2 protein chains.
Amino acid sequence: MFDYKLLSALAAVIEQAGFERAAQVLGLSQSAISQRIKLLEARVGQPVLVRANPPSPTDVGRRLLNHVQQVRLLERDLQSQVPALDEEGMPERLRIALNADSLATWWAAAAGEFCADQQVLLDLVVEDQEVGLKRMRAGEVAACLCGSERPVAGARSLLLGAMRYRALASPAFMARYFPSGFDAGRLSRTPALVFGPDDFLQHRYLASLGIEDGFLHHLCPSSEGFLRMTEAGLGWGLVPELQVRDQLASGRLVEISADKPIDVPLYWHHWRNGGQLLGQLTEHLRLTAGQWLVPL
Amino acid sequence: MFDYKLLSALAAVIEQAGFERAAQVLGLSQSAISQRIKLLEARVGQPVLVRANPPSPTDVGRRLLNHVQQVRLLERDLQSQVPALDEEGMPERLRIALNADSLATWWAAAAGEFCADQQVLLDLVVEDQEVGLKRMRAGEVAACLCGSERPVAGARSLLLGAMRYRALASPAFMARYFPSGFDAGRLSRTPALVFGPDDFLQHRYLASLGIEDGFLHHLCPSSEGFLRMTEAGLGWGLVPELQVRDQLASGRLVEISADKPIDVPLYWHHWRNGGQLLGQLTEHLRLTAGQWLVPL
């Protein structure tokens, strides 16, 4: 068998983004952590960590991490049957990558009760889909929620539904830029809001109006900041419907043109051998996500 | 004089995080962009870019970017006096690093009208303070809003006020973990919410109660996700007061213990020679921030 003291040290250094915090979490000295990593490297015959700030795993380090995370999930299954094995009585941690808009809207409502009941602690990572799946492949996360269907090797993907986005602006924005009513031709000359270089929703919306040119835009990589900037009249943008029910009802935000929502599918990627807990969470999301997501 | 065609190409590749998008933005072919970067490298005698995905500047590249951004701000000042110089009639872009909680709360209200009136487009970057100041030093951003007072070389810092955080949880969370009333000794054994490895607010709060041990926690690197998870009863955490007025009024969230806010100072870092626009924005923030921030 592997020496899991060494592997746990590696996992802690990566998960805690440093030797000092890893030592704190494991209740060890920093030099004890260093010793364990060195011993692990001596055994595998090559470095497992790139000593940068924060440290990152080498290729072989990643494979070891992947293994640790799978073993942890499997151990958890066993512990539910053999509670005495659970040395520390600590809740399990589940590391999950997800898109910013899900985290800002429905994720907590969907996962909250499950995690409280199951005593699961979440390590959430906000990533766009490419990076999220890369982290999944690297074994850094147990699951990933993103817009891409294709699973990585060893994982499954499940369509949970779609998030509905609406093109919105403040009444003051509309009055400033469209004093005599909405005009699609002028839209690309008014400032848009864009989440980041991988956010093409505004491009898609303009394309749906027949506009393929570039357009003026602010960049705002924060779901709530995006909404605040829309409310403040800085620009127009595609916002999850879930996030703006109050604003639409009160008229603080309005749709810039007729009903033209964009639906973005969301897939739940999870390891095939992820253990019972991940399987239960997957089943829970499958059953409940329809409360917030629309069918595709 | 430098060849600003070459420097603009470098700036576009970094700002757009790739050659393809840089080409789109500048209305050039991708090979024209590559040519310009190569020519620039031939002139300075060393690489200006690390060809990764996304590309990043070398040390000398960073110095060139810093220069480009300063020149742009100075050009803008001149253009307000000599409008004919403004070839493209495009609004100016201002790249600013700020903390996630400011962007999720008061930033848009404070900066919105100014940017709309001045036709400024914002490139916002969410960073914790260390990385924000590093980007400032590297010339990647014109200003930075963060908790650290010490300015980088060539910049000034201005205290705008403090964000007030309160330790909150849902009534269901309190009923589950503190059925017979709040007990500071038990708090570290209930799950907390932590924004990320650099968020020590929960540690500070526990320390103020005399608790110095480790504690259970979820990691949730999203301001709005953090709030949603608190509402869903997943954990307790320090939340900006600005973000939860409704929740506190309606009782959806409650203070976990007596009135014990934590005030976090916010400093505005800006270049000393940042030009008139940056100076005006600085003055605007100095005059208005008190509407949202508390005095320190």
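The numbering scheme is per chain: residues are counted from 1 as the chain's sequence reads. Here chains are named by letter from A upward and ligands by number from 1 upward, in the order in which they appear as written. Residue-level local features of this predicted model are given only where pLDDT is at least 70; pairs of side-chain atoms are given and counted only at 80 or more, and the full residue set underlies all totals for whole chains, interfaces and linings. The side-chain quantities take in all heavy atoms of the structure and omit both hydrogens and water.

Chain A is annotated in an unreviewed UniProt entry as HTH-type transcriptional regulator ArgP from Pseudomonas donghuensis. UniProt positions are given in the numbering used here, feature names are shortened, and annotations may be inferred rather than shown by experiment. Listed under Subunit (unreviewed entry) in UniProt, the entry text for chain A is "Homodimer." Under the heading Sequence similarities (unreviewed entry), UniProt records this for chain A: "Belongs to the LysR transcriptional regulatory family."

Moving on: the overall build of chain A. Secondary structure follows DSSP: runs of H or I at least 4 residues long count as helices, runs of E at least 2 residues long count as strands, and numbering of each begins at the N terminus. Counting its secondary structure elements, chain A contains 13 helices and 11 strands. Dimensions of chain A along its principal axes, counting C-alpha atoms only, are 75 × 40 × 30 Å. Buried means the residue's accessible area, taken with a 1.4 Å probe over protein chains only, is under 20% of the maximum for its type, while exposed means over 50%, and partly exposed covers the values in between. Looking at chain A as a whole, 51% of its 296 residues are labelled buried. Accessible areas in this description were obtained via Shrake-Rupley with a 1.4 Å probe; residue shielding takes into account the shown protein chains only. Carbon and sulfur atoms make up 50% of the accessible area of chain A, which totals about 13500 Å².

With that settled, the discussion passes to the nonpolar core. Of all hydrophobic cores here, the largest spans 69 residues; its most connected members are Leu94(B), Trp106(B), Trp107(B), Trp236(B) and Trp268(B). By nonpolar core we mean a set of buried residues, namely Ala, Val, Leu, Ile, Met, Phe, Trp, Tyr and Cys, connected to one another through side-chain atoms within 4.5 Å. Counting residues in each nonpolar core, the second largest holds 68 residues, with Trp107(A), Phe114(A), Leu122(A) and Ala169(A) among its members.

The next subject is the side chain of Thr105(A). For Thr105(A), the position within the fold is in the loop between helix H5 (100-104) and helix H6 (107-118). Taking the relative accessible area as the measure of exposure, Thr105(A) reaches 11% and is therefore buried. Those residues in contact with Thr105(A) that sit more than four places away from it in its chain are Met163(A), Pro240(A), Leu242(A), Gln243(A) and Arg228(B). Any two residues whose heavy atoms approach within 4.5 Å are treated as being in contact.

A word on the interface of chain A and chain B. The partner chain B presents 42 residues to the 40 residues of chain A that form the contact. When chain A packs against chain B, close to 3300 Å² is buried across both sides, 61% of that on carbon and sulfur atoms. Salt-bridge detection follows one rule: a side-chain nitrogen of Lys or Arg within 4 Å of a carboxyl oxygen of Asp or Glu. Inspection of the chain A/chain B interface yields 2 salt bridges. Pairs of N or O atoms within 3.5 Å make up the polar contacts considered here, provided that, within protein, one atom can donate a hydrogen while the other can accept it, and that residues adjacent in sequence are counted only when both atoms are side-chain atoms. The interface formed by chain A and chain B contains 13 residue pairs in polar contact (both at pLDDT 80 or more). Breaking the side of chain A that touches chain B down by element, the ones donating at least two residues are H5, H6, strand E4 (120-126), strand E8 (217-219) and helix H11 (223-231) of chain A. At 7 residues, the largest contribution of residues to the side of chain A that touches chain B is made by E4(A). Of the residues belonging to the side of chain A that touches chain B, the class tally is 24 nonpolar, 8 polar and 8 charged. Accessible area that two parts lose when put together, with a 1.4 Å probe and added across both, is what the buried area reports. Polar here means any residue other than Ala, Val, Leu, Ile, Met, Phe, Trp, Tyr, Cys and Pro, which are nonpolar, and Asp, Glu, Lys and Arg, which are charged; Gly is therefore polar.

With that settled, consider the side chain of Ser170(A). Residues and elements named next belong to chain A. You can see Ser 170 is positioned in the loop between strand E6 (155-169) and helix H8 (171-177). For Ser 170, the side chain forms a polar contact with the main-chain nitrogen of Phe 173, separated by 3.0 Å. Setting aside chain neighbours within four positions, we find Ser 170 in contact with Thr 230, Glu 231, Gly 233, Arg 252 and Leu 253.

Now for the pattern of salt bridges. Residues and elements named next belong to chain A. Under the definition given, this model contains 24 salt bridges over all chains. Ionic pairing is found between Glu 231 and Arg 228, a salt bridge with its closest N-O pair at 3.1 Å. With Glu 231 and Arg 228 both in helix H11 and 3 residues apart, the pair spans about one turn of that helix. With relative accessibility at 21%, the residue Glu 231 sits in the partly exposed group.

Below, the discussion takes up the packing of helix H1 (residues 4-15) of chain B against helix H3 (residues 30-44) of chain B. Residues and elements named next belong to chain B. Only C-alpha atoms enter the line fits that serve as axes; for helices the fit covers just the stretch in contact. Angles between N-to-C directions range over 0 to 180 degrees. Two numbers describe how H1 lies on H3: the axes approach to 9 Å, and their chain directions differ by 115 degrees. You can see that H1 and H3 cross each other, and the crossing is left-handed. Between H1, through Lys 5, Leu 6, Leu 7, Ala 9, Leu 10 and Val 13, and H3, the contact on the second element is made entirely by Ile 33, Arg 36, Ile 37, Leu 39, Leu 40 and Arg 43. Along the lines of polarity and charge, the residues of the contact of H1 with H3 split into 9 nonpolar, no polar and 3 charged. A clockwise turn of the near helix away from the far one marks a right-handed crossing, whereas an anticlockwise turn of less than a right angle marks a left-handed crossing.

Attention shifts here to the environment of Phe178(A). All names here are of chain A. Position of Phe 178 among the secondary structure elements: in the loop between H8 and helix H9 (184-187). With a relative accessible area of 6%, Phe 178 lands in the buried category. Put simply, Phe 178 and Leu 285 are 107 residues apart on the chain and 42 Å apart in space, counted from C-alpha to C-alpha. Those residues in contact with Phe 178 that sit more than four places away from it in its chain are Phe 173, Asp 183, Arg 186, Leu 187 and Thr 190.

A word on the relation of the copies chain A and chain B. Of the transformation superimposing chain A on chain B, the axial component is 0.0 Å and the angular component is 180 degrees, with the fit at an RMSD of 0.1 Å. Taken together, these values place the two copies in the relation of a two-fold axis. Within chain A, the C-alpha atom positioned nearest to the axis of rotation is that of Glu224(A), 3.1 Å from it. When the copies are superposed, the least-squares fit takes in the C-alpha atoms of residues with a pLDDT of at least 70 in both.

Okay, unusual backbone geometry next. The omega torsion of the bond from Asn53(A) to Pro54(A) falls at 0 degrees, within 30 degrees of zero and hence cis. Of note in the backbone geometry, Gln119(A) takes a positive phi value of approximately 55 degrees without being a glycine. Topologically, Gln119(A) is positioned in the loop between H6 and E4. Here Ala17(B), not a glycine, exhibits a phi torsion of approximately 60 degrees, which is positive.

A few words now on the packing of aromatic side chains. Only centres within 6.5 Å qualify two rings of Phe, Tyr or Trp (six-membered ring in Trp) as a pair; their planes then separate them into stacked at under 30 degrees, edge-to-face at over 60, and tilted for everything else. A complete count under the given rule lists 12 aromatic pairs over all chains for this structure. A ring pair is formed by Phe178(B) and Phe182(B), whose centres lie 5.2 Å apart and whose planes are at 50 degrees; its orientation type is tilted. A network of ring pairs unites the aromatic residues Trp106(A), Trp107(A), Trp268(A) and Trp292(A) as a single cluster.

What follows concerns the environment of Gly154(B). Residues and elements named next belong to chain B. Here Gly 154 shows up in the loop between strand E5 (143-146) and strand E6 (155-169). When its relative accessible area of 38% is taken as the criterion, Gly 154 is described as partly exposed. In this structure, the C-alpha to C-alpha distance between Gly 154 and Glu 130, residues 24 residues apart in sequence, is 17 Å. Apart from the residues lying within four places of it in its own chain, the contact partners of Gly 154 are Trp 271 and Arg 272.

What follows concerns helix H10 (residues 201-208) of chain B. By the burial criterion, the buried members of H10(B) are Leu201(B), Gln202(B), Tyr205(B) and Leu206(B). The buried side chains of H10(B) occupy one side of the element, clustering within an arc of 135 degrees when seen end-on. Taken from the helix axis, the directions to the C-beta atoms give the arc we talk about.

Think of an α-helix as turning once every 3.6 residues; residues three or four places apart then point the same way. Tucked into the core, helix H10 (residues 201-208) of chain A has its buried residues touching E6, H9, strand E7 (192-194), H11, strand E9 (237-240) and strand E11 (262-271) of chain A. Residue Gly210(A) follows H10(A) closely and has a positive phi angle near 85 degrees.

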